[in-house]
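The lines below spell out each chain.
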Amino acid sequence: MDSQSKTDWKWLFKMAWRDSRRSKSRLFLFISSIIIGIAALVAINSFSDNLKDDINSQAKELLGADLELGSNDSTFNYGLVDTLAHEVSYENSFASMVFFPKNQESRLVDVRALEGDFPYYGKIETEPANAEATFRDGERKALVDQSVMIQFDVEVGDSIRIGLVNFKIEGSLISSPSQSLGATLVAPAVYIPLKYLDDTELIQKGSRVYYRRFYKFTDPPEGFDIEAQIREDSDTLRIQDISSETIEERKEETGETFDDLADFLNLVAFVALLLGCVGVASAVHIYIKDKIRSVAILRCLGASGKDTFLIYLIQIGAAGFIGSFLGALAGTFIQTILPKVFGEFLPVEVNIALSWPSILGGLLTGIFVSILFALAPLVSVRKASPLITLRGIEADNNALKDKLKWLIYVGILLFVIVFAFIQIGSLGDSVVFTLFIAFSFGFLALVARFSMWLVKRFFPASWSYIWRQSLANLYRPNNQTSVLIASIGLGTALITTLYFIQALLISQVEITTDNDRPNLMVFDIQSHQVEELAELTKSYDLPVLQQVPVVTMRIESINGLTLEDVVSDTTEDNRRRSSPYRREWRVTYRDSLIESEKIVRGEITKPNNIDELPQVSLEDEYAKRNKIEIGDTIVWNVQGVPISTTLGSTREIDWERVQTNFLGLFPSGVLEQAPQFHVLITRVKDVEEGALFQREVVKNYPNVSVIDVGLILNTLDNILSKISFVIRFMALFSILTGLLVLVSSVILSKFQRIKESVLLRTMGASKRQIFSINSLEYFFLGSLASLSGIILSLLASWGLAYFTFNSTFVPDLLPIVLVYISITSITILIGLANSRGIVSKPPLEVLRSEIQ
Amino acid sequence: MPNILEVSQLSKTYQSGTKALTVLSDISFSIEPGDKLSIVGSSGSGKTTLLGLCAGLDRASSGSVILNGTKLDSLNEDERARVRNLHVGFVFQNFQLLPTLTALENIMVPMELRGEKGIKDRAMDLLARVGLAERHDHYPTQLSGGEQQRISIARAFSNRPKILFADEPTGNLDEETSVKIESLLFDLNRELGTTLVLVTHDNELAKKTDRVIQLKGGRIISNSLNQALEV
Ligand SMILES: Nc1ncnc2c1ncn2[C@@H]1O[C@H](COP(=O)(O)OP(=O)(O)OP(=O)(O)O)[C@@H](O)[C@H]1O
Ligand SMILES: [Mg+2]
């Protein structure tokens, strides 16, 4: 009897193999769940990996130089760079209207006057490609942002007028280092050679020009670390108002922007994998139920519980391995199309490379989840009694008493939490997420139990045979009610939630082009031009919606503390943030609030007498963030003139309205004599009207700039539709997995009903009767499952909208109805496809082949 | 010679809800090695239940079963499985072949479970013995009921059991096939000295065994030697 203790692995593997030969199709369904789940995981992780690598390896190209310095002051000076051998390029940039003589159109752009060989790493990408070089050949040539050229229908060779100078368009600008999506929206870039900047006569005293310098260190000393140097000198730089950026900083920034994208992708991969897990659990559950009789026979012949358990564990493990392997393979292929899907949103060119960590991780995850999620149904194999051979399968009602099962459930819970944590990155969220999944299972189990009880309790004995038979199928022994409701329900819930969230995200970025919102902003108007411009506007039958003065200023001190004081104060606690000092303030003055504002603290008052300091108002959040309290003294530097004020109130501002909103607000009677410009806001009916008006404005007042919100929205719309495409494409992964889970659960369930259908057929049931019974049963199951799933998804979407996206979730009835109809009809269709084999073949053939 | 099977004061009670249903009560008997015993009785009298208890497929409510000197009641499920594998063969009324294994593989399983080597030849011998050698790579669904029963008998003998239990082995078969199967059982019993315990409705078959136990309502109402067959 001692040979018993040794496990004969060879035999176990042989049995596992033999047994699988005739179960291939069923095992394949199980495998396919794993394939898609792992494919999504590997594709997304490989892509993220490659993207991260590429950001690292192309970090220099991201900045284009070793160091970038910038300031509002053209004479800024950072001593360190002079001690190092370097090359330098200069870029002076400012917003200005440009004019296209070809079609008499104008547009606000960001003019970048460049001198030097920048970028030193990477390239300014242009079309034609060599325009990047030839525009620097000393002629009057310009590179114009691609989207602008398309919008205004201008081509390479046409000319563009900037100020007083006409430039020949040498090429269209596709991308350059230091170009953000947001900035290009309002003011797309136009590059010109720096030496023609003065000729444009656009730069006058008070013009808002930003001066950048790009350095390349040609011979850095041994061990020279620019990051460390910059960190050391950060206070000096701050006081002088010089901003700096190094390759390392740019790399981190780019990585951070990418993190949000990665989070979303990870979530998609996670949901796909989770659906795969649900598929595994339900497939194995049904599979094992089918195998129980074989297990009992093996037990009769003397196989131990452990051996039989191992046979199926080996089988599932091997199938899991095959699925994971194929999934990893598929994922690696899918990865190659992801860079095309994301296209221009990617900061760097993503290379397609095998990511071994992702592939290996996917393989291991796949095998691990196949086994983990198969274990719960598998362990019942250990307890299968040999008595089944004599008496048939008894209702398994002490399944929950098995301690090991509970251990496995805890293991699954832990796995979901840990995996969610790895993918989402927040422990709290992961726990909430996992608890919700657990709750969903509980809810679905309850729905299944309750509906079975309900049907039994109120059984419609007077209904026709077909109805009674199909209803009774829901609760009779060997019913599929619980498994199918759980898997289809959870699948529906995940798919629908993803759909709702996707719709929510898309609607959140969609901008309502409301009809009476202002959509044209004219700014940089000189005081003496205000009246004339208002007249011009009215002569075009356009409303003057707002006309506000803007004064630029800086903060000299707050409660007597200057920027130097703040920077040198090292006590962390009362350290003021330096940002209010560093900002160039654009404030307006008036004595009342506008529509988009609300007082939060204090009140708006006019000074009662000359001695009293005027009271200004700041945006509430900004004041809080920078620890500026009501009553604090703020001294402003209004272009050389100090003006003392106190903080009288704070306001909440609705920034989403297209209006001139101001962080800082002065009372009237203080700034009237200060140098200022004015902003006028109007609304045009359409693009043509806007273009016509703009042309007239720019012709008469060359110093004035116009922002056409409609134009921006057009561009934005373009980008957003691309984003929603990306979201939809990625969500497709999860939806596919969900459908597959649904299909495989239903296909597998057929083995439960086949014997019965054949017996009915033998007793003379017609094709139609069997079809009706089966489709009704699947109709009940599909309906119950999809409705419960929808309820869960409504709950989940509401929670996600409220807690994660800070918005309210308003469910659309149409998608709900569509989901219900499609899930239910898919269930019925597959169910019917299952029974087709039964009714079209002679009963005997079916009996011999299927019932064993 | 010690008894191969000793059953004493065996009872089995099923609890369904609050009601207790006694299916077997106070059953005692014993068999010597090499004997042939048949159990007869009307439907529902407890024959299958008794057979299952003797083979260690189920646990009794009280009383004991000693098989080949081992007290089954004190063993756990795996230990009983081991006893079955080493000493017991079982032929079911409804064959119970493993559907995913070929005829040959079905016969090999008990030997493989014991870790025996060179079993293929023996399995082929057994197959030939039941007249199905050329069907060795067929799956159960490709065989008729009688053929499946023959495979199942070959399987039952494959581990050279000391005792073989057969629950209505010919219940499903026509007379001609039944006779074939019966003689197969008896031949193997004679050649290998296997003790035979048969459940049957067939009086003719019962007469061919050494001893007949008659059950009624879960009790033994007679336990008699079969004079006719004593040779
Ligand atoms: N799990 C169970 N729960 C309750 N009663 C049971 C159970 N299993 C068997 N019985 C009852 O035990 C009794 C004996 O059953 P058993 O199968 O041993 O009869 P049998 O003599 O083999 O009958 P047959 O000749 O019809 O096969 C029957 O009345 C049966 O209803
Ligand atoms: Mg019986």
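Residues numbered from 1 in each chain as written. Chains lettered and ligands numbered in written order. Predicted model: local features only at pLDDT ≥ 70, side-chain atom pairs only at ≥ 80, totals over all residues. Heavy atoms only, no water.

If you look chain B up in an unreviewed UniProt entry, it shows as ABC transporter from Roseivirga spongicola. Check the Sequence similarities (unreviewed entry) section of the UniProt entry for chain B; it says "Belongs to the ABC transporter superfamily. Macrolide exporter (TC 3.A.1.122) family." (UniProt positions renumbered as here; feature names shortened; annotations may be inferred.)

Identification of chain A as ABC transporter permease from Roseivirga spongicola is taken from an unreviewed UniProt entry. Check the Subcellular location (unreviewed entry) section of the UniProt entry for chain A; it says "Cell membrane".

A. Layout of the overall build of chain B. Regarding its fold elements, chain B presents seven helices and 10 strands. The buried share of chain B, taken over its 231 residues, is 56%. Pairs at least 24 residues apart make up 65% of the contacts formed inside chain B by residues separated by at least 6 positions. As presented, chain B carries roughly 9,700 Å² of accessible surface, and 47% of it is formed by carbon and sulfur atoms. (Helix = DSSP H or I, 4+ residues; strand = E, 2+ residues; numbered from the N terminus. Buried < 20%, exposed > 50% of the residue type's maximum accessible area, 1.4 Å probe, protein only. Contact = heavy atoms within 4.5 Å. Areas by Shrake-Rupley, 256 points an atom, 1.4 Å probe, with all protein chains shown as cover.)

B. Local environment of the interface of chain A and chain B. Counting residues at the interface gives 35 residues for chain A and 40 residues for chain B. Here chain A meets chain B over a buried area of about 3,300 Å², counting both sides, of which 55% is carbon and sulfur. Counting every contact that joins chain A to chain B gives two salt bridges. The residue B:Glu105 makes a salt bridge to A:Arg18 at a minimum N-O spacing of 3.4 Å. Those elements that place two or more of their residues in the side of chain A that touches chain B are helix 1 (9-21), helix 11 (247-300), helix 12 (305-342), helix 15 (388-391) and helix 28 (843-850) of chain A. If one sorts the elements of the side of chain A that touches chain B by residue count, helix 11 of chain A sits on top with seven residues. Counted by class, the side of chain A that touches chain B contains 11 nonpolar, 11 polar and 13 charged residues. (Buried area = accessible area lost by both parts, 1.4 Å probe. Salt bridge = Lys/Arg side-chain N within 4 Å of Asp/Glu carboxyl O. Nonpolar A, V, L, I, M, F, W, Y, C, P; charged D, E, K, R; others polar.)

C. Broad picture of the packing of helix 20 (residues 530-539) of chain A against helix 24 (residues 687-700) of chain A. Residue and element names in this part refer to chain A. Put simply, helix 20 and helix 24 touch, their axes get as near as 11 Å, and they point 150° apart. In terms of orientation, helix 20 and helix 24 fall into the roughly antiparallel class. The two elements helix 20 and helix 24 meet at a crossing, and its hand is right-handed. Where helix 20 approaches helix 24, its residues Leu-533, Leu-536 and Thr-537 are matched on the opposing element by Phe-693, Glu-696 and Val-697. Of the residues assigned to the contact of helix 20 with helix 24, the class counts are four nonpolar, one polar and one charged. (Axes fitted to C-alpha atoms, helices over the stretch in contact; angles between N-to-C directions. Parallel < 35°, antiparallel > 145°, perpendicular 65-115°, else oblique. Left-handed = near helix turned anticlockwise from the far one by under 90°.)

D. Highlighting the sheet that holds strand 10 (residues 219-225) of chain B. Residue and element names in this part refer to chain B. Sheet architecture is open: six strands sit in the order 6-7-8-3-9-10, paired in mixed fashion. Taken across any chain shown, the strands that pair with only one partner, and hence form the sheet edges, are strand 6 (88-91) and strand 10. Taken pair by pair, the neighbouring strands of this sheet meet at an average axis angle of 15°, ignoring direction. Summarising the sheet, strand 6 and strand 7 (residues 163-167) pair through four bridges and their orientation is parallel. Residue pairing in the sheet places Val-88 in a bridge with Ile-163 of strand 7. Relative to the sheet, helix 5 (residues 145-158) contacts strand 6 and strand 7, its axis offset from that of strand 6 by approximately 170°. (Pairing = 2+ DSSP bridges.)

E. Broad picture of the confidence of the model for chain B. Residues at a pLDDT of 70 or more form 97% of chain B, whose mean pLDDT is 86. In the predicted complex, the global pTM is 0.69; the interface-specific ipTM is 0.77. (pLDDT = per-residue confidence, 0-100.)

F. Here's a closer look at a negative patch on the surface. Taken together, the side chains of A:Glu249, A:Glu252, A:Glu253 and A:Glu256 make up a negatively charged region of the molecular surface. Relative to the helices and strands, A:Glu253 is located in helix 11. (Patch = residues over 30% accessible without salt bridge, like charges linked within 9 Å, V, L, I, M, F, W, Y side chains within 5 Å. Lys, Arg positive; Asp, Glu negative; His and termini not counted. Charge placed at Lys NZ, Arg CZ, Asp CG, Glu CD.)

G. Spatial organisation of a nonpolar patch on the surface. A grouping of A:Phe321, A:Ile322, A:Phe325, A:Leu326, A:Leu329 and A:Phe333 is seen on the molecular surface, where their side chains present a nonpolar patch of about 580 Å² in accessible area. On the basis of relative accessible area, A:Leu326 is assigned to the partly exposed category, the value being 34%.

H. The arrangement of the nonpolar core in detail. Core analysis: the biggest nonpolar cluster contains 77 residues, and A:Phe30, A:Phe342, A:Leu378 and B:Val109 have the highest contact counts within it. Top element by residues in this core is helix 11 of chain A. It accounts for 17 residues. Contacts of A:Phe30, omitting those with residues within four sequence positions, involve A:Val280, A:Ala283, A:Val284, A:Ile316, A:Ala319, A:Gly320 and A:Ser370. (Core = buried A, V, L, I, M, F, W, Y, C linked by side-chain atoms within 4.5 Å.)

I. Examining the packing of helix 4 (residues 119-129) of chain B against helix 5 of chain B more closely. Residues and elements named next belong to chain B. Where helix 4 contacts helix 5, the axes come no closer than 9 Å and their chain directions differ by 135°. Overall, the two elements helix 4 and helix 5 adopt an arrangement that is oblique. Where helix 4 crosses over helix 5, the handedness of that crossing is right-handed. Residues Arg-122, Leu-126 and Leu-127 of helix 4 touch helix 5, and the partners they reach there are Ile-151, Ala-154, Phe-157 and Ser-158. Residue classes in the contact of helix 4 with helix 5 are distributed as five nonpolar, one polar and one charged.

J. Representation of the sheet that holds strand 4 (residues 62-67) of chain B in the model. Residues and elements named next belong to chain B. Within the open sheet, the four strands sit side by side as 2-1-4-5. Their pairing is antiparallel. The open sheet has two edge strands with one neighbour each: strand 2 (19-31) and strand 5 (70-71). Across two bridges, the pairing between strand 4 and strand 5 is antiparallel. By the bridge assignment for strand 5, Leu-67 is matched with Thr-70.

K. The environment of B:Asp121, seen in detail. By the secondary structure assignment, B:Asp121 is in helix 4. Sequence separation between B:Asp121 and B:Met108 is 13 residues, and the spatial gap between their C-alpha atoms is 9.8 Å.

L. A look at the pattern of salt bridges. All names here are of chain A. Under the criterion given, the structure shown has 31 salt bridges over all chains. One salt bridge connects Glu-132 with Arg-136, and the closest N-O pair in it is separated by 3.2 Å. Residue Glu-597 is joined to Arg-651 by a salt bridge in which the shortest nitrogen-to-oxygen separation is 2.4 Å. Of this pair, Glu-597 sits in strand 14 (residues 597-602) while Arg-651 is found in strand 17 (residues 641-653), placing the two residues 54 residues apart along the sequence. For the residue pair Glu-597 and Arg-651, the accessibility class agrees, reading buried in each case.

M. Highlighting unusual backbone geometry. Across the junction of A:Phe118 and A:Pro119, the peptide omega takes the value 0°, indicating a cis bond. Positionally, A:Pro119 belongs in the loop between strand 3 (105-115) and strand 4 (125-127). Of note, the amide linkage connecting A:Glu127 to A:Pro128 takes the cis form, showing an omega dihedral of -5°. Residue position: A:Pro128 is located in the loop between strand 4 and helix 5 (131-134). Not every positive phi belongs to a glycine, and A:Gln104 is a case in point at roughly 65°. Tracing the backbone shows A:Gln104 in the loop between strand 2 (86-100) and strand 3. Under the relative-accessibility criterion, A:Gln104 is labelled partly exposed at 38%. Although it is not a glycine, B:Arg160 adopts a positive phi angle of roughly 45°.

N. Layout of the site of ligand 1. Taken together, 13 residues sit near ligand 1, with B:Ser43, B:Gly44, B:Lys47, B:Thr48 and B:Thr49 positioned nearest. This site is not confined to one chain, since residues near ligand 1 come from chains A and B. With respect to ligand 1, the side chain of B:Ser43 contributes an N or O atom lying 2.5 Å from an oxygen atom. Between ligand 1 and B:Thr48 there is a distance of 2.6 Å, counted from an oxygen atom to a side-chain nitrogen or oxygen. Those elements that provide at least two residues to the shell around ligand 1 are strand 2 and helix 1 (47-54) of chain B. (Near = heavy atom within 4 Å. Polar contact = N/O pair within 3.5 Å; in protein donor to acceptor, adjacent residues only side chain to side chain.)

O. Quick peek at the packing of aromatic side chains. The final tally for this structure, using the stated rule, is 25 aromatic pairs over all chains. With 6.3 Å between their ring centres and 85° between their planes, A:Phe459 and A:Tyr475 make a pair best called edge-to-face. With A:Phe459 in the loop between helix 17 (427-457) and helix 18 (465-472) and A:Tyr475 in the loop between helix 18 and helix 19 (481-509), the pair connects residues that are 16 residues apart, well separated along the chain. On the accessibility criterion, A:Phe459 (26% relative accessible area) is partly exposed. Taking the centre distance of 4.7 Å and the plane angle of 25° together, the rings of B:Phe90 and B:Phe92 count as stacked. Considered together, B:Phe90 and B:Phe92 belong to a single accessibility category, that of buried residues. An aromatic cluster is built from A:Phe368, A:Phe373, A:Phe415 and A:Phe419, whose rings are joined through pairwise contacts. Between the NZ or CZ atom of A:Arg213 and the centre of the ring of A:Phe76, over which it lies, the distance is 3.7 Å. One cation-aromatic arrangement involves A:Arg457 over A:Phe458; the distance from NZ or CZ to the ring centre is 4.8 Å. (Phe/Tyr/Trp six-rings, centres within 6.5 Å; stacked < 30°, edge-to-face > 60°. Lys NZ or Arg CZ within 6 Å of the ring centre and 35° of its normal.)

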